[in-house]
Amino acid sequence: QRLRFISRALPGAVFRPQSQLFVGAKRAGQSSGMTDKNQWDEASEEENDILMKRLGHDVDEGDDDDDEGGGISLDQILSLKDRFDAADVDGGGSLDMQEFMDAFGSIINKDGSMTEDQIARLFMQIDANADGGIDWNEFSTYMLMESQSNGQVSAKKGATFFLPDRVGQNQDVEHWHGDYADCILNEPNTAQYITCSHDGTLRIWASSTMALARTVHYGSGWVSAMCLLQKSGRLVLLTADARLKCYDYHTWELSFEVELLTPATCCCSWKNKDDSEFLAYGDDMGLVTVVDMTKGLKPHRVAKEPPATIQRRKGPNWEAATQRQVHTGGWVRQIEMVEDLGGLVSCGADSCIVIFQHPFKINPKDKTQVEPRRRLQSLVRGHRKGVRAFRWIQSHKLVISGGLERDLIVWNPYTGKVVMTLEGHTANILHLEINVEFEQLISLAGDGVLKIWDLRNNECLQSVTDWRRPDMRPRCFVFDAPRHRLVCFGKRSQVLRINPSILSKQTDITHNARVVAVLYNRMFSQVVTVAEDSEVCIWRPGNGSQIFTYIDIDVEPGSFVTCATFDDAGRRLLTGDHAGRVKVWNFSNGACIKTLEKPRAADLRQEVTGVTCYVWEDHRYIAASSWDRKMTIWPDLSEDNGSVYPYMQMQVGTDSDLLSIAFTNPKCLASASTDGSVAIFDVESGYKKLTIQPQTLPGRSPRITDAAANGLQPHKLSVEKLLFLENKNKTLVCAGSDAVIRFWEGLWMEYVPTSVSAVSLSKLVLALDAKHWPGNSIVNLTTDPENKLLVSADEGGFIKTWDISSYDWAKPHESQVKPIAFWRAHEAGGITSVDMILPHPDEDAPDAPPIPP
């Protein structure tokens, strides 16, 4: 008669072996019912303690000795089951508020310190499906989950220094390079990464989202090196067919093109104290050329054919340039200006690192060669083969280099001697970067292995060898220090960010993955954050302390959470994922109540982009928008568990992805698309009532993004977020890629305006230039329940608040939407979600918790 218990409301939950129930059986010598209310007060001290522990109240820590791992014993479960059954006076299988208090009130409120509001909140936490009653399934699930989570709020994060980040992984395949990327640059002024590949293209990526912004076709020659001219705002490309191309990186127009005498293999730039800008490049013959880019090209000169004595000639196209032999054994692989060392530093195929000044000091024995300040070369402990990369470690005053031998060699540049050797790579070294803040060296080898070295103790902290896809195996990378992340590129990107547990002291980051939602629950006065890796954290907003955290252990490989919201009652958390599913959770204890499935087409992406709940004719429903261009509706029944399938799907379009969803009565469900349109459906019939096409007010024109201009993303009015202002006659507000907030009126409104007719079902009444940071799209909007405030957030991390309390839907005017404040909330990365903490109705009461600013 003993049955191991797995709650039907917890598919995928893991229980300890001691979590067993005697279901439908009695212990020897025990009656099945205690009907005398006074007998509740005869509960043992052990029973009091276990209930108070599980229900979140203070008990003596010393009483935990027999509670192995915080689990509930069989006797305790049986005792609770007896109480529960006896309290169910009407035999309905569930306890209402009064029955619950009769059964357990004397225990959970033993000293009378709990207010009626606190007891009601506890009842609502246990009542996961919000039907006004607690059945044994809900009660036991809550107790078991609380048992498992007890004492584990401060669970340790992984000790790994860099963790994979999914940012930028949701793009179409055609956005990635057709061949492996060879070079990558970080352009901080425009917040972009620039990559080049053998496929003949430059690709520009937004730093915040890793979204492709533009593709530039530079020709057929492979790019061997590139660098930025910061003063003039230009990008220099060196190609294998001996050409130098210079682009304006604001407009991406070709400024000029130079035919070189020999193919250049590396380059760098710097600015002198007199504000003149220089470019240095090395070639495959060991020559280094330095050009004064302030003076530029000679007028009307045509490149000549390379003479036989090429190493003795300087390029004919520059107004002011000098060229000398620096390396004698072949290619120059890297060159940098290091002011601390008094000049340029280069490495090459002759197995040495050369430090030399500029202007060049001529070798008196051979005027075609430079006189080096120092040559780092050791036949015993140094490089025996070509050197491919080096870095100057300013904090340690050392140079570190790597090449074909697979080892990293640390040099004292002032004596020219080897300090030490770092061993660990099994392939040739391709690239090196320095993490100055944490005193680390980051190295990439030809086999795609990335290693992080601690320069304080000369140990390898981490080796990154596992990449999600073969085409993510990197050939190049850049370390973005402000964003605390590595951006690696093969054919496509893989972002690695510093472990939040390491950064927590400086940045208060707590999730290991990108946060997709932050939600304030007014019912329980708690903040809930949801990350892509399905980790959910519950916080006290008053002091920022963490209450509870849990993670979905049943998540499919390769899938991740994409969006989240609360149900109307604020009892349950709904999360949508990349696989097209929606999961319903009791957010208070991590119990998965049910999973909402939908038909999945193999040729369409299924990612859920938005979830909402609504009530129609006393029935509850859950609706979701997804990238298969459909809106899916499920019935939300209290008795549902396990997998639930939809009763209706509505096709929105044929070529536009859905980004946002919102509901308003009477029975109107709206969705926003990447083409800038908004579709409104009747949820009873599934009929599309109208489609709102993107419009602007006279005198306004939308901002055309680089991606749109390049033809990769034809929709320049993409709507990222929409919502209804319920207290403003259900005015529809939306915003997106052009950073304009639009206010619409139409037939969905409670009082239909006179402007709405059978011919014109909607009207754009206000298009407000949000004046966020130039070039940033608005990615999120939110408002308070009374529609007095509006908050807009953009992809650059900026937030703007608006006073809309005086907005008059009958006579709308731009002056009625007043900006309040504008600030940058996140320095690294765009905002994915925004919500407001509003004063609690009882904030003036003595016992009310303080509301943070």
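Residues numbered from 1 in each chain as written. Predicted model: local features only at pLDDT ≥ 70, side-chain atom pairs only at ≥ 80, totals over all residues. Heavy atoms only, no water.

Trainee: Can you lay out the overall build of the chain for me, pointing to particular residues and giving the numbers?
Mentor: On a plain count of helices and strands, the chain comes out with seven helices and 59 strands. Sorting the 853 residues of the chain into buried and exposed places 55% on the buried side. Contacts in the chain between residues at least 24 apart in sequence constitute 50% of all its contacts with a sequence separation of at least 6. Looking at the chain as shown, the accessible area adds up to about 37,400 Å², and 49% of this sits on carbon and sulfur atoms. (Helix = DSSP H or I, 4+ residues; strand = E, 2+ residues; numbered from the N terminus. Buried < 20%, exposed > 50% of the residue type's maximum accessible area, 1.4 Å probe, protein only. Contact = heavy atoms within 4.5 Å. Areas by Shrake-Rupley, 256 points an atom, 1.4 Å probe, with all protein chains shown as cover.)

Trainee: Account for the sheet that holds strand E19 (residues 343–348), with residues named and values stated.
Mentor: Pairing is antiparallel in the open sheet, where four strands are placed in the order E18-E19-E20-E23. Whereas interior strands pair on both sides, the edge strands pair on one side only; in this sheet they are strand E18 (332–338) and strand E23 (374–376). Averaged over neighbouring strand pairs, the angle between their axes works out to 15° when direction is ignored. Direction of pairing for strand E20 (residues 353–356) relative to E23: antiparallel, over a ladder of three bridges. Bridged to Ile355 within E23 is Arg374. (Pairing = 2+ DSSP bridges. Axes fitted to C-alpha atoms, helices over the stretch in contact; angles between N-to-C directions.)

Trainee: How would you summarise the nonpolar core if you had to cite specific residues and measurements?
Mentor: Generally speaking, soluble globular proteins have nonpolar side chains that are buried together. Residues Val678, Ile680, Ile692, Leu722, Leu732, Trp744 and Trp748 are the most contacted members of the largest nonpolar core, which totals 19 residues. Put simply, the parts of the chain that give this core at least two residues each are strand E49 (668–673), strand E50 (678–682), strand E51 (688–692), strand E52 (719–725), strand E53 (731–736), strand E54 (740–746) and strand E55 (762–769). Leave out the neighbours within four places in its chain, and Val678 touches Ala670, Ser671, Leu690, Thr691, Ile692, Leu722 and Leu732. (Core = buried A, V, L, I, M, F, W, Y, C linked by side-chain atoms within 4.5 Å.)

Trainee: I'd like to hear about the packing of aromatic side chains, residue by residue, with values.
Mentor: Applying the stated criterion to the full structure yields 19 aromatic pairs. Put simply, the rings of Phe161, Phe162, Phe438 and Phe479 touch in pairs and so form one group of aromatic residues. The positively charged end of Arg475 is found above the aromatic ring belonging to Tyr180, 4.2 Å away from the centroid. The side chain of Lys800 reaches across the aromatic face of Phe822, ending 5.5 Å from its centre. (Phe/Tyr/Trp six-rings, centres within 6.5 Å; stacked < 30°, edge-to-face > 60°. Lys NZ or Arg CZ within 6 Å of the ring centre and 35° of its normal.)

Trainee: Describe the sheet that holds strand E37 (residues 536–539), listing the residues and the values that go with them.
Mentor: Hydrogen bonds between backbone groups are what pair the strands of a sheet, and the pairing can be parallel or antiparallel. With antiparallel pairing, four strands are arranged side by side in an open sheet as E35-E36-E37-E38. The sheet is open, and its two borders are formed by strand E35 (515–521) and strand E38 (546–550), each paired with just one other strand. Taken pair by pair, the neighbouring strands of this sheet meet at an average axis angle of 15°, ignoring direction. One ladder, built from four bridges, connects E37 with E38; its direction is antiparallel.

Trainee: For the pairing of E54, give the residues involved together with the corresponding values.
Mentor: The buried count for E54 comes to seven of seven residues, which makes it a mostly enclosed element. Of the two faces of E54, the one carrying Val740, Arg742, Trp744 and Gly746 and the one carrying Ile741, Phe743 and Glu745 are both buried. Bridging between E53 and E54 involves three bridges; their strand directions are antiparallel. Opposite Val733, over in E54, you have Phe743 as the bridge partner. If you look at the hairpin formed by E53 and E54, you'll find three residues sitting between the two strands, and Ala739 has a positive phi there, around 60°. Direction of pairing for E54 relative to E55: antiparallel, over a ladder of seven bridges. Counterpart to Val740 in the pairing with E55 is Asp769.

Trainee: Describe the pattern of salt bridges, and please don't skip the residues or the numbers.
Mentor: Under the counting rule described, the total for this entry stands at 23 salt bridges. Linking Lys231 and Asp275 is a salt bridge whose minimum nitrogen-to-oxygen distance equals 3.8 Å. Within this pair, whereas Lys231 is found in the loop between strand E10 (223–229) and strand E11 (234–239), its partner Asp275 is found in the loop between strand E14 (264–271) and strand E15 (277–283), the two being separated by 44 residues in sequence. Judged by relative accessible area, which is 37%, Asp275 ranks as partly exposed. Each of Asp567, Arg572, Lys594, Arg620 and Asp636 takes part in one network of salt bridges that share partners. (Salt bridge = Lys/Arg side-chain N within 4 Å of Asp/Glu carboxyl O.)

Trainee: Describe the environment of Asp577, naming the residues involved and giving the relevant values.
Mentor: Inspection of the secondary structure puts Asp577 in strand E40 (residues 572–577). Asp577 sits 30 residues away from Glu607 along the chain, and the two C-alpha atoms are 6.0 Å apart. Look past the residues within four positions of Asp577 in its chain and what remains in contact with it is Ser559, Phe560, Val561, Thr562, Gln606, Glu607 and Val608. At 3.0 Å, the side chain of Asp577 forms a polar contact with the backbone nitrogen of Ala579. Here the side chain of Asp577 touches Arg581 through a polar contact of 2.9 Å, landing on its backbone nitrogen. (Polar contact = N/O pair within 3.5 Å; in protein donor to acceptor, adjacent residues only side chain to side chain.)

Trainee: Run through the environment of Glu556, naming residues and quoting values.
Mentor: Position of Glu556 relative to the elements: it lies in the loop between E38 and strand E39 (561–566). Residue classification places Glu556 among the partly exposed residues on the basis of a relative accessible area of 30%. C-alpha separation for the pair Glu556 and Ala579, spaced 23 residues apart in sequence, amounts to 8.0 Å. Other than its neighbours up to four places away in sequence, Glu556 contacts Ala579, Arg581 and Arg600.

Trainee: Tell me about the state of the cysteines, and name the residues and values.
Mentor: For the structure on display, the rule yields zero disulfides. Left unpaired, Cys183 is separated from the closest cysteine sulfur, that of Cys196, by 3.8 Å. Cys183 gets classed as buried once you look at its relative accessible area, which sits at 13%. Looking at Cys266, it has no disulfide partner, and the nearest cysteine sulfur is the one in Cys267, 7.1 Å off. Note on Cys266: relative accessible area 4%, which makes it buried. (Disulfide = S-S within 2.5 Å.)

Trainee: I'd like a description of the side chain of Thr632, backed by residues and values.
Mentor: Relative to the helices and strands, Thr632 is located in strand E45 (residues 630–635). By relative accessible area, which is 1% here, Thr632 ends up buried. Of the polar contacts made by the side chain of Thr632, one reaches the side chain of Gln649; its length is 2.9 Å. Among residues more than four places away in sequence, those in contact with Thr632 are Lys598, Ile622, Ala623, Ala624, Pro646, Met648 and Gln649.

Trainee: Can you lay out the pairing of strand E16 (residues 287–292) for me, pointing to particular residues and giving the numbers?
Mentor: Summarising burial for E16: six of the six residues are buried, a large majority. Sheet topology note: the E15/E16 ladder contains five bridges and is antiparallel. If you follow Ala280 over to E16, its bridge partner there is Val290. Hairpin connection, E15 to E16: the antiparallel pair is bridged by three residues, and Gly286 has positive phi, about 85°. Here E16 runs beside strand E17 (residues 321–325); their pairing, made up of five bridges, is antiparallel. Across the sheet, the residue bridging to Thr289 is Gln323, located in E17.

Trainee: Run through the confidence of the model for the chain, naming residues and quoting values.
Mentor: In this model, the chain carries a mean pLDDT of 79, and residues with pLDDT of at least 70 account for 80%. Ignoring residues within four places in sequence, the model shows residues 697–715, a span with pLDDT below 50, making 40 contacts including any to other chains. Low pLDDT (under 50) marks residues 843–853, which in the prediction has 11 contacts with non-local residues, meaning those over four places away or in another chain. (pLDDT = per-residue confidence, 0-100.)

Trainee: Report on unusual backbone geometry, specifying residues and quantitative values.
Mentor: Pro359 follows His358 through a cis peptide bond whose omega is 0°. Note that Pro359 resides in the loop between E20 and strand E21 (362–363). Positive phi, normally seen in glycine, also occurs at Met210, with a value near 60°. Mapped onto the secondary structure, Met210 falls in the loop between strand E8 (201–206) and strand E9 (212–217). In this structure Met210 comes out as buried when scored by relative accessible area, which is 0%. Residues other than glycine seldom take positive phi values, yet Trp252 does so here, at roughly 60°.

Trainee: Which residues make up the environment of Ala670, and what are the values?
Mentor: By the element assignment, Ala670 lies in strand E49. Residue class for Ala670 comes out buried when judged on its relative accessible area of 0%. Separated by 12 residues in sequence, Ala670 and Asp682 have C-alpha atoms that sit 9.1 Å apart. Residues in contact with Ala670, not counting those within four places in the same chain, are Met631, Ser660, Ile661, Ala662, Val678, Ala679, Ile680, Leu722 and Phe724.

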